Amino acid sequence: MAIPVLDSLDLTDKTLTADALLTQRSLAEYLIERGAHYVFIAKENQPTLVADIRLLFQARGEPDFRESSDLAHGRIESRAIWTSTALNNYLDFPHVGQVFAIERTTTEKKTDKTSVETVFGVTDHTPESASPKRLLAFNRGHWGIEAHHWILDWNWDEDRCTIRTGHGPENITRLRRFAAGLIKTKSKDSVAATIEKLARKVRRVFDYLGMTANSMPRAARVAPVG
């Protein structure tokens, strides 16, 4: 199996994460052959796999690890993980080292509405190479990347961008990532809400970039007394 986007990379001891669409036996085999590890989410595109893992964790007790609650963007989020090696020799999936269930509880501060989402997954990592805490960190890192892609597509419709030639695609993507990063650093609102405000008053863009007097510290705006 050849995967051009990965073939030229050194994957030794790297851990690749993937959502359900890429949870495929052939990709798992490829990564193991390249000396890498995988942490995959299992959903309905692998019905037998997800059903077996879901059944195992149906009567789960206390989690193996629980993160402390995190407040961001008006939401309080906490995550917990359960892991098991009970299906290692049972599942029809290559090189299984553990299966896991991750439960994410989110509470919207404004509405006090709470939602609970549970996902199931499989990894070649054994308990010795990846503790529950480490597996949860892999998952958080993956969804952080997914969230960033979602921000780019939702706010700038990046997937349908028609810039195709030369360095145009790379340059416009870098500008969008820079803008999203700058907004996250400076604004207490979401990226979408901040873009809407900036669009109504373009001068604020220059304030964000530190190009106007409004963006300077107050002390720096006062002319020195001669």
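Read on for a plain summary of the structure. A quick note: this is a predicted structure, and the numbers were derived from the prediction, not measured.

Observations concerning the pattern of salt bridges
Argument step 1. Taken as a whole and assessed by the stated rule, the structure comprises 5 salt bridges.
Argument step 2. Across the pair Arg 25 and Asp 92 runs a salt bridge, and its minimum N-O distance is 3.7 Å. Separated by 67 residues along the polypeptide, Arg 25 in helix H2 (residues 25-33) and Asp 92 in the loop between strand S5 (75-84) and strand S6 (98-108) bring together distant segments of the chain.
Argument step 3. We note a salt bridge from Arg 79 to Glu 67, for which the minimum N-O separation is 3.3 Å. Highlighted residues: Arg 79 in strand S5 and Glu 67 in the loop between strand S3 (65-66) and strand S4 (70-72), separated in sequence by 12 residues. Grouping residues by exposure puts Arg 79 and Glu 67 together as buried.

Description of the packing of aromatic side chains
Argument step 1. According to the stated counting rule, one finds 3 aromatic pairs in the structure shown.
Argument step 2. Ring plane angle 65° and centroid distance 5.8 Å describe the contact between Tyr 38 and Phe 93, whose orientation is recorded as edge-to-face. With Tyr 38 in strand S2 (residues 37-42) and Phe 93 in the loop between S5 and S6, the pair connects residues that are 55 residues apart, well separated along the chain.
Argument step 3. Linked through ring pairs, Tyr 38, Phe 40 and Phe 93 together constitute an aromatic cluster.
Argument step 4. We note Arg 60 situated over the ring of Trp 82; from NZ or CZ to the ring centre the distance is 4.7 Å.

Criteria and thresholds
- Residues numbered from 1 in each chain as written.
- Predicted model: local features only at pLDDT ≥ 70, side-chain atom pairs only at ≥ 80, totals over all residues.
- Heavy atoms only, no water.
- Salt bridge = Lys/Arg side-chain N within 4 Å of Asp/Glu carboxyl O.
- Helix = DSSP H or I, 4+ residues; strand = E, 2+ residues; numbered from the N terminus.
- Buried < 20%, exposed > 50% of the residue type's maximum accessible area, 1.4 Å probe, protein only.
- Phe/Tyr/Trp six-rings, centres within 6.5 Å; stacked < 30°, edge-to-face > 60°.
- Lys NZ or Arg CZ within 6 Å of the ring centre and 35° of its normal.

All quantities given are derived from atomic positions and should not be read as evidence of function.
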